[in-house]
Amino acid sequence: MPVARLVAGVDVGSTAAKAVVLDVASRAVLGVAVTPTGWNPRETGQAVLDAALREAGTRIDRVARVVGTGYGRISLPFLHRTVTEITCHARGAHHLAPDTRTVLDVGGQDSKVVAVDECGSVRDFVMNDKCAAGTGRFLQVMTGVLDMTLDEMGDAALRGTPVPLNSMCAVFAETEVIGLIAQGVSKDDLAASIVASVARRLKALTGRVPLVPGCAFTGGLATNPAFARIFSDTLGLAVTVSDMPQATGALGAALIAAQDVAVGGAGGV
């Protein structure tokens, strides 16, 4: 067992890979890194862990345990175990804000609504993983149509007034937006419509997992305050963002690794 009581969490998502290095005793975050996933999740997972270790001023031989999460976790050979991203996001969000009872996460391939108990454990969850609409991928496609970045889309959406988007399918919605551009609808109004449609998709997921106060927004979109504001307005509930929303899943994985070390070893999912 390494002398230093350090652990790490690595979250390899479809769009970005994140890593967190954590002190077991204090639960203090010592290093954080985020990088695009690219085409090789295995190499990216190693690279983002190395970057977090450098920020923490330490080496892998001083890390007692590494827990992985995200869709690319199965490709990482250095992990001691893997945990689902739903569990990790719940744990990380609760650690950052103990009053968290609902987690909204919009990922590249899916979106999730997770009900969290007072200990940070998952009570229930629902996810959209069958359709691109309502996911980060949908927004990425739309940024290409509007010729703007995600941050620019969020800012434009705050300035715009939504117009109806009738298509429920991401492919057809793209065609519809192109048609609205041809009709002279402004980019601000279209951005407002696109972001509001994602928020409505999230709201539609909450039939089984109701939204309650203490709602944390995690994922890459949460790094832009504009998305949180629009989601709050659409959902009718205050949506809060921590100071490390994109690395929430990696933090949760590191916290689970710290728990494993504290109790002397392994554990299930």
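Please refer to the structure placed before this passage.
Since we're looking at a predicted model, the values are computed, not measured. (Residues numbered from 1 in each chain as written. Predicted model: local features only at pLDDT ≥ 70, side-chain atom pairs only at ≥ 80, totals over all residues. Heavy atoms only, no water.)

1. Comments concerning the overall build of the protein chain
Now for step 1: On a plain count of helices and strands, the protein chain comes out with eight helices and ten strands.
Now for step 2: Summarising its shape, the C-alpha atoms of the protein chain cover approximately 65 × 35 × 30 Å along the three principal directions.
Now for step 3: Residue pairs in contact within the protein chain that sit at least 24 positions apart in sequence constitute 65% of those at least 6 positions apart.
Now for step 4: With the model as given, the accessible surface of the protein chain reaches about 11800 Å², and the carbon-plus-sulfur share is 54%.
Now for step 5: Charge-centre separation for the protein chain: the mean point of 23 positive side chains lies 6 Å from the mean point of 25 negative side chains. (Helix = DSSP H or I, 4+ residues; strand = E, 2+ residues; numbered from the N terminus. Contact = heavy atoms within 4.5 Å. Areas by Shrake-Rupley, 256 points an atom, 1.4 Å probe, with all protein chains shown as cover. Lys, Arg positive; Asp, Glu negative; His and termini not counted. Charge placed at Lys NZ, Arg CZ, Asp CG, Glu CD.)

2. Re the nonpolar core
Now for step 1: Membership of the largest hydrophobic core comes to 38 residues, with the highest contact counts inside it found for Leu104, Leu139, Leu146, Met153, Ile194, Phe217 and Phe231.
Now for step 2: No other element matches the eight residues that helix 6 (residues 187–204) contributes to this core.
Now for step 3: Excluding residues within four positions of it along the chain, Met153 makes contact with Leu139, Met142, Thr143, Leu146, Met148, Ala191, Ile194 and Val195.
Now for step 4: Core analysis: the next-biggest nonpolar cluster, separate from the first, contains 19 residues, Ala64, Val67, Val83 and Val261 among them. (Core = buried A, V, L, I, M, F, W, Y, C linked by side-chain atoms within 4.5 Å. Buried < 20%, exposed > 50% of the residue type's maximum accessible area, 1.4 Å probe, protein only.)

3. Notes on the environment of Gln246
Now for step 1: One can find Gln246 in the loop between strand 10 (239–240) and helix 8 (248–263).
Now for step 2: C-alpha of Gln246 to C-alpha of Phe217: the two residues are 29 residues apart in sequence and 9.6 Å apart in space.
Now for step 3: Those residues in contact with Gln246 that lie beyond four places of it in its chain are Ala16, Lys18, Val34, Gly219, Gly220 and Thr223.

4. Regarding the side chain of Arg73
Now for step 1: Mapped onto the elements, Arg73 comes out in the loop between strand 4 (63–69) and strand 5 (81–82).
Now for step 2: With near-sequence residues (within four places) excluded, Arg73 lies in contact with Gly68, Leu79, Thr82, Val83, Thr84 and Glu85.

5. A word on helix 3 (residues 136–146)
Now for step 1: Among the residues making up helix 3, those that are buried are Gly136, Phe138, Leu139, Met142, Thr143 and Leu146. Projection of helix 3 onto a plane perpendicular to its axis shows the buried side chains occupying an angular sector of 150 degrees, all on one side.
Now for step 2: Immediately beyond the C-terminal end of helix 3, within one or two residues, lies Asp147, with a positive phi of roughly 60 degrees. (Arc of directions from axis to C-beta.)

6. Some words on the pairing of strand 8 (residues 122–128)
Now for step 1: The pairing of strand 7 (residues 111–116) with strand 8 spans six bridges and is antiparallel. Bridge assignment links Val113 to a residue of strand 8, and that residue is Val126.
Now for step 2: Connecting strand 7 to the antiparallel partner strand 8 that follows it, the hairpin turn spans five residues, and Gly120 within it adopts a positive phi of roughly 90 degrees. (Pairing = 2+ DSSP bridges.)

7. Examining the environment of Ala247
Now for step 1: Note that Ala247 resides in the loop between strand 10 and helix 8.
Now for step 2: Sequence-wise, Ala247 and Leu235 are twelve residues apart; in three dimensions their C-alpha atoms are separated by 24 Å.
Now for step 3: Apart from residues no more than four positions distant in its own chain, Ala247 is found in contact with Lys18, Val20 and Val32.

8. As for the sheet that holds strand 7
Now for step 1: One open sheet holds the five strands; their spatial order is 8-7-6-9-10, and the pairing between them is mixed. Sheet topology places strand 8 and strand 10 at the edges, where each strand pairs with a single neighbour.
Now for step 2: Most of the contacts of helix 2 (residues 85–96) go to strand 7, to which it runs at about 55 degrees, and overall it touches strand 6 (102–106), strand 7, strand 8 and strand 9 (215–218). (Axes fitted to C-alpha atoms, helices over the stretch in contact; angles between N-to-C directions.)

9. With respect to the pairing of strand 9
Now for step 1: Judged by which residues are buried, strand 9 turns out to be covered on both faces: Cys215 and Phe217 on one side and Ala216 and Thr218 on the other are all buried.
Now for step 2: Where strand 6 meets strand 9, four bridges bridge the pair, whose relative direction is parallel. Paired with Val103 across the strands is Ala216, a residue of strand 9.
Now for step 3: Strand direction decides the pairing type here: strand 9 and strand 10, joined by two bridges, are parallel. If you follow Cys215 over to strand 10, its bridge partner there is Val239.
Now for step 4: Crossover connection from strand 9 via helix 7 (residues 225–235) to parallel strand 10: handedness right-handed. (Right-handed = clockwise from strand over helix to strand, strands pointing away.)

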